[in-house]
Amino acid sequence: MKLVRKDLEKDNAGQVTLIPEEPEDMWHTYNLLQVGDSLRASTIRKVQTESSTGSVGSNRIRTTLTLCVETIDFDSQACQLRVKGTNIQENEYVKMGAYHTIELEPNRQFTLAKKQWDSVVLERIEQACDPAWSADVAAVVMQEGLAHVCLVTPSMTLTRAKVEVNIPRKRKGNCSQHDRALERFYEQVVQAIQRHINFEVVKCVLVASPGFVREQFCDYMFQQAVKTDNKLLLENRSKFLQVHSSSGHKYALKEVLCDPAVTSRLSDTKAAGEVKALDDFYKMLQHEPDRAFYGLKHVEKANEAMAIDTLLISDELFRHQDVATRARYVKLVDSVRENMGTVRIFSSLHVSGEQLGQLTGVAAILRFPVAELSDQEDESSSEED
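Residues numbered from 1 in each chain as written. Predicted model: local features only at pLDDT ≥ 70, side-chain atom pairs only at ≥ 80, totals over all residues. Heavy atoms only, no water.

Colleague: Could you give me a rundown of the pattern of salt bridges, with the residues and numbers involved?
Modeller: All told, the structure shown has 14 salt bridges when counted by the stated rule. For the salt bridge of Asp37 with Lys114, the shortest nitrogen-to-oxygen distance reads 2.6 Å. Here Asp37 is found in the loop between α1 (23–32) and β3 (38–50), whereas its partner Lys114 is found in strand β7 (residues 110–114), with 77 residues between them in sequence. Residue Arg108 pairs with Glu105 through a salt bridge whose shortest N-O separation is 2.9 Å. Sharing partners across several salt bridges, the network here consists of Arg124, Asp315 and Arg319. (Salt bridge = Lys/Arg side-chain N within 4 Å of Asp/Glu carboxyl O. Helix = DSSP H or I, 4+ residues; strand = E, 2+ residues; numbered from the N terminus.)

Colleague: Pulling in residues and values, what's your account of the environment of Leu234?
Modeller: Looking at where Leu234 falls in the secondary structure, it is placed in helix α5 (residues 231–235). Sequence separation of Leu234 and Gln223 is eleven residues, and the distance between their C-alpha atoms is 9.8 Å. Those residues in contact with Leu234 that lie beyond four places of it in its chain are Phe222, Ala225, Val226 and Asp229. (Contact = heavy atoms within 4.5 Å.)

Colleague: So what's going on with the packing of aromatic side chains? Which residues, and what values?
Modeller: Scanning the model with the defined rule gives eleven aromatic pairs in all. Look at Phe281 and Tyr294: their rings are 6.5 Å apart centre to centre, the planes differ by 80°, and that puts the pair in the edge-to-face class. Within this pair, whereas Phe281 is found in helix α8 (residues 270–287), its partner Tyr294 is found in strand β13 (residues 292–294), the two being separated by 13 residues in sequence. Overall, the relative accessible area of 38% leaves Tyr294 in the partly exposed class. (Phe/Tyr/Trp six-rings, centres within 6.5 Å; stacked < 30°, edge-to-face > 60°. Buried < 20%, exposed > 50% of the residue type's maximum accessible area, 1.4 Å probe, protein only.)

Colleague: I'd like to hear about the domain arrangement of the chain, residue by residue, with values.
Modeller: When cut into domains, the chain gives domain 1 (2–129), domain 2 (136–268) and domain 3 (271–378). The interface is formed by seven residues belonging to domain 1 together with seven residues belonging to domain 2. Taking both partners together, domain 1 and domain 2 bury about 550 Å²; carbon and sulfur atoms supply 49% of that area. The largest per-residue losses of area from domain 1 upon contact with domain 2 belong to Glu24, Trp27 and Gln77, which jointly make up 74% of the total buried on that side. If you look at where domain 1 meets domain 2, you find zero salt bridges. Among the elements that line the side of domain 1 that touches domain 2, the one with the most residues is α1, at three residues. The residue makeup of the side of domain 1 that touches domain 2, split by class, is two nonpolar, three polar and two charged. (Domains from an automatic or database assignment. Buried area = accessible area lost by both parts, 1.4 Å probe. Nonpolar A, V, L, I, M, F, W, Y, C, P; charged D, E, K, R; others polar.)

Colleague: Mind laying out the nonpolar core, listing which residues take part and the relevant values?
Modeller: If you look at the biggest cluster of nonpolar residues, it comprises 32 residues, and the most contacted ones within it are Met142, Phe185 and Phe217. For this core, the secondary-structure elements that each account for two or more residues are β8 (137–143), β9 (146–152), β10 (157–164), α3 (176–196), β11 (204–209) and α4 (213–228). Broken down by element, the residue count for this core peaks at eight residues, all from α3. Other than its neighbours up to four places away in sequence, Phe217 contacts Met142, Tyr186, Val189, Val190, Ile193 and Val207. Leu39, Val69, Phe74 and Cys79 belong to the second-largest nonpolar core, a separate cluster that totals 31 residues. (Core = buried A, V, L, I, M, F, W, Y, C linked by side-chain atoms within 4.5 Å.)

Colleague: Can you break down the side chain of Thr111 residue by residue, with the values?
Modeller: Along the chain, the position of Thr111 falls in strand β7. On the accessibility criterion, Thr111 (14% relative accessible area) is buried. A distance of 3.0 Å separates the side chain of Thr111 from the side chain of Thr17, its partner in a polar contact. Other than its neighbours up to four places away in sequence, Thr111 contacts Gln15, Val16, Thr17, Ser38, Leu39 and Arg40. (Polar contact = N/O pair within 3.5 Å; in protein donor to acceptor, adjacent residues only side chain to side chain.)

Colleague: Tell me about the sheet that holds β3, and name the residues and values.
Modeller: One open sheet accounts for seven strands, arranged β1-β2-β7-β3-β4-β5-β6; its pairing is antiparallel. The sheet terminates laterally at β1 (2–8) and β6 (99–104), the two strands that pair on one side only. Averaged over all pairs of adjacent strands, the angle between strand axes in this sheet comes to 35°, irrespective of strand direction. Its contacts with the sheet place α1 against β2 (14–19), β4 (56–75), β5 (80–87), β6 and β7, and it is angled at close to 70° to β4. Set on the sheet, helix α2 (residues 119–128) makes contact with β1, β2 and β7; between it and β1 the angle comes to about 150°. (Pairing = 2+ DSSP bridges. Axes fitted to C-alpha atoms, helices over the stretch in contact; angles between N-to-C directions.)

Colleague: Tell me what's going on with the pairing of β11, and back it up with residues and numbers.
Modeller: Burial analysis of β11 places six of its six residues in the buried class, which makes it a mostly covered element. Burial along β11 is two-sided: the face carrying Cys204, Leu206 and Ala208 and the face carrying Val205, Val207 and Ser209 are both buried. Bridge analysis of β8 against β11 gives five bridges, and the strand direction is parallel. Across the sheet, residue Ala139 finds its bridge partner in β11, namely Leu206. The sheet contact formed by β11 and strand β12 (residues 240–244) spans five bridges and is parallel. Note that in β12 the partner of Ser209 across the bridge is His244.

Colleague: Would you mind going over the confidence of the model for the chain in detail, with residue names and values included?
Modeller: Residues with a pLDDT of 70 or more make up 92% of the chain, whose mean pLDDT is 88. Across the chain, element-level confidence peaks in strand β16 (residues 362–366) with a mean pLDDT of 97 and bottoms out in helix α12 (residues 372–384) with 48. (pLDDT = per-residue confidence, 0-100.)

Colleague: Kindly report on the sheet that holds β10, identifying the contributing residues and their values.
Modeller: Taken in spatial order, the five strands make up an open sheet running β10-β9-β8-β11-β12, and their pairing is mixed. Both edges of this open sheet fall to β10 and β12, since each of them pairs with a single strand only. Strand-to-strand twist in this sheet, taken as the mean axis angle between neighbours without regard to direction, amounts to 20°. Note: β8 against β9, seven bridges, orientation antiparallel. Of the residues in β9, the one forming a bridge with Val141 is His148.

Colleague: Please provide a residue-by-residue account of the pairing of β2, values included.
Modeller: Of all six residues in β2, five are buried, a share of seventy percent or more. Once β1 ends, the chain turns through five residues before running back antiparallel as β2, passing Asn12 with a positive phi of about 65°.

Set out below in structure tokens:
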């Protein structure tokens, strides 16, 4: 993402002009937009024209519109963003108050104005404009007959290809059908890797599977690469890291990112940090439940006691339509940081973010036990009885 201009007032009202450069920047833009914001961008509008003879025709005209945002629609696989709203600035082609949908796309500038830019939104702009946050991890999660080729970016897990091949069972004295099908499967996975993984950016390719599938696949891939003199695969051989997973399904990626060998290799990527924080939370919940809270009310109480060491919060909560509710989450984040706690904002498009979402989207690892909260709740519920 490229920051062209930033004009903020003392009360944090104002506007920023940005140019999304990568598909992932569309995800950042989606998280910046809120209902009620003002969005100015170039768009195409179908305009009816009447000639001097009275015949009516229609032309598609490119114009710049400023909309008051009403609905925001994001397609995570195609990385496309559609914003619908009413026109709030004079335009020769579009009446004031008329509805229009702007499709935001990479390499096209837009200006976003807000009445209040909070700390979470400003931090996201900072991250989006920092090239160090770019995607640099790929993963192939596989089992016999099924493979997912994924890109793990700082903000989401993108499934780039799914390969499915029916593999017949081995039969006594005749394994040829099984072996042929397996070879066809491996070949399709190799093609998917070459098509979807940019080795100039990716610094590590995780190959994960149960059993010996990953070893057999890697042996096949590099034997074929030697036979065909495939320089792309041979030059990047050192980037492939084999790890265990329980299956070839996408959700197995979480356990792959938890693997210590992987964590050390990916220590500087946000995805690994999120997974480790969630893993630490679950361990704490199991062994010291008084130091692991989840749910907004519980976490806020822990924060009042200045007990939060690490706050885990889903970016989905900051897209809440209700301004007061959103402000409550922002206030919690700011307060934890003021109290020298660590804040990890999880992406709802990551496997770890989906899991946090199942825990209400907000959780905390505490510096010290806060048992009084659960005791108070027990007392209040017994009084009600």
